[in-house]
Amino acid sequence: MVKYKLLIASLLLTALLVGPVIAAGINSSDMDKYIQIIKHGNSTVREETVNLLKEYITDITGGDKPLSPLMIEKHHNYLASINFSWLDNESLGEQLDKGNIAGGEVGKLKAALNKDGFTVQQGMLKNIKIFDLVNQGVLFTAQANNPSTPYKGFILPRAPGQTSINAFSDPANFSVTYRLRPDEAVIFVGRTPPSCKYFSYQSFLVLKYDQEQNIFRKIFANMGDTINKYYIKTGGAPNATEGNPFDQPVVIIVTADNGTANRVLEAVQSAGYPEDIVNIETLSSQIAKMGLEEGSDSFMFLNRMAFFEDEAAGNNYMGNAPGVVFRLTPNNTSSLDPYPVPELRVRGTGNASEMQLLGAVSELRQAILDKYNSSNATELTTSLWLTEGYDALQRNINVYGPTRDTSYLNSTPFVLGNNSSDFLIVYGVNHAAWGKAIYCNFGVYGMSLKNGVVAVDDSKLEGTAEEYLPNNPMAKYLYVWKVSRHCDGDKHCSEVPTGPGAYGIGFNKEAFVGFRAYIENQTKVGPSNTEMVYDQVIKFSA
């Protein structure tokens, strides 16, 4: 045991010293040595080594740090050493029947696609338990998750003949990120989520290859707009302008090639699926380097949901596969017919009426300072947090998987101590109550892991400012909420946990507050920040 501990300590020291070298793509055997200890050590040594290796991986790959091809390979070996599986031993075969919807038959669909010259490989639309994945060392950060929003994502195998390793891939070569040939497609056949305030489907360019540096830059960029509950085509809501888009049959085709889309659509219709449930998400090879070779970009597909009307129905949707996923690879190459860069929905209506609440917000600020002692107050600054995918593509910045269905603001950082006199007061305009959004929320995030561990939404914020401004008729559009380690029975307060791991934020760790306002009714896209009153945060300390 002592020998193993000394070896582990020695390896960790070496790893910290050469970490930047590995990140730059220089060969090193340090991770291989760790992995051998994990494979062959006893349970105690294995657990200690896994923990040290996770810290090492986070140190050299966390945040916005780029990934080298070597690091992707070594991380793949690490996932193999801990026997990680994206499928969690679920049977793909058992999910096939879930594709038999709206008169269509998945068996006929596969046969039609095979006949037309596609290799058909099954994947999965899988619940992404992001904190567990971070704690296992599978993902490096929580990617600025919305604490109010569970996520599902495509889990896909490698393409036929692909030799390059996809980032985060398990021993069976399934991964939540994947490369795509410019003529490939991915298809989901199943049902939409049950009734909820919001849902959407969207692809992202996650890792952008930098040929000069031979690294992959994390940009996690949206490549257009979502297929959200207002625009989705389902049997219950064609174009979702009216009717019911929830728990409805749906087909979603993701591809960068118009010719491929037409071939897949023909197969879908021949298998009995009606065209009015088919949605095509178009990717553009003009802004992404598509292909299967090592120097090509990597993608991800997410299904977001928020606030299920029926909790049991929501849990069932999240806990089970709602349909079947296929990766479709043409057996023979043909002339490409690439899609152009998608047009974007226009944010903003020109209605900046929220600004008339600035006076009431100023009165609210003073009432808060009077109540909690302004001498112990530090007012944080709120500013633009995340931009959009086209900005990320040009500046090579990480925008953490944004959707254009919301706005993104955040506060400057703070540290929250372990006593009742150390707390935040978050306040501002309830954008949903004013009518600028269908829902809004704020979350508390750890700075290093970008993990949102606390969420408070507009339904909880209603009426919370009226005790501060009892004679102001505008108080019903405002809110006040406390954030602390110890709420001591305060019903308008949320406690920040310390863990385990990504489930919390440590006492000495920097944190920030992130704000979202989802979907303006008139535009069916996120509101414009320029038409909104910014939310505010005050930190109080003893």
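Summary of the structure given here. (Residues numbered from 1 in each chain as written. Predicted model: local features only at pLDDT ≥ 70, side-chain atom pairs only at ≥ 80, totals over all residues. Heavy atoms only, no water.)

1. With respect to the overall build of the protein
For clarity, the threshold we go by: Per the convention used, a helix needs a DSSP run of H or I reaching at least four residues, while a strand needs a run of E reaching at least two, with both numbered from the N terminus. Partly exposed describes any residue whose relative accessible area lies between the buried limit of under 20% and the exposed limit of over 50%, with all areas from a 1.4 Å probe on protein chains only and scaled to the type maximum. Residue contacts are counted whenever heavy atoms from the two residues lie within 4.5 Å of one another. Method for areas: the Shrake-Rupley scheme with a 1.4 Å probe, in which residue coverage is limited to the protein chains shown.
When helices and strands are counted, the protein shows 12 helices and 22 strands. Relative to its 542 residues, the protein shows a buried fraction of 57%. In the protein, 79% of the contacts between residues at least 6 apart in sequence involve partners at least 24 apart. Accessible surface, the protein: about 21,200 Å² in total, of which carbon and sulfur atoms supply 49%.

2. Some words on the side chain of Lys 482
Just so we agree on the cut-off: In this count, Lys and Arg are taken as positive residues and Asp and Glu as negative ones, while His and the chain termini are left out. One speaks of a salt bridge when a side-chain nitrogen belonging to Lys or Arg is within 4 Å of a carboxyl oxygen belonging to Asp or Glu.
As for its position among the elements, Lys 482 is in strand β19 (residues 478-484). It is Asp 490 that comes nearest to the buried, bridge-free Lys 482 among opposite-charge side chains, at 4.6 Å. If we skip the residues at most four places from it in the chain, Lys 482 touches Phe 423, Leu 424, Ile 425, Asp 490, His 492, Cys 493 and Ser 494.

3. With respect to the packing of aromatic side chains
What counts, and what does not: Paired rings are identified among Phe, Tyr and Trp, the last through its six-membered ring, by centres lying within 6.5 Å, and are further divided according to the angle between planes into stacked (under 30 degrees), edge-to-face (over 60) and tilted (the rest).
Under the criterion given, the structure shown has 24 aromatic pairs. With a centroid separation of 3.9 Å and 10° between ring planes, the pair formed by Phe 154 and Phe 301 is classed as stacked. Residue Phe 154 is located in strand β2 (residues 151-157), and its partner Phe 301 is located in strand β10 (residues 298-308); the two are separated by 147 residues in the primary sequence. Residue classification places Phe 154 among the buried residues on the basis of a relative accessible area of 0%. With centroids separated by 5.5 Å and ring planes inclined at 50°, the aromatic side chains of Tyr 372 and Phe 540 adopt a geometry described as tilted. Of the two residues, Tyr 372 is situated in helix α9 (residues 358-372) and Phe 540 in strand β22 (residues 536-540); the sequence distance between them amounts to 168 residues. Residues Tyr 372 and Phe 540 agree in their burial class; the two are buried.

4. Description of empty space enclosed by the protein
The condition is simple: Here the term cavity refers to a set of points on a 1 Å grid, laid over the protein atoms alone, in which a 1.4 Å probe fits but cannot get out; the term pocket refers to an open set having protein on both sides within 12 Å along at least five of seven lines, with lining residues being those that place an atom within 4 Å of a point. Grid points are joined across faces, edges and corners, and a volume is the space filled by probe spheres set on the points.
Evaluation of the coordinates by the stated rule reveals three cavities of 30 Å³ or more. In this structure, the largest cavity occupies an estimated 330 Å³ of space. The wall of the largest cavity is formed by 28 residues, among which Ile 130, Ala 142, Gln 143, Phe 220 and Met 300 lie closest to the centre. Only β5 (196-210), β6 (215-222) and β10 provide two or more residues apiece to the lining of the largest cavity. Here the element with the most residues in the lining of the largest cavity is β10; it accounts for three residues. Put simply, the second largest cavity is a space of about 40 Å³.

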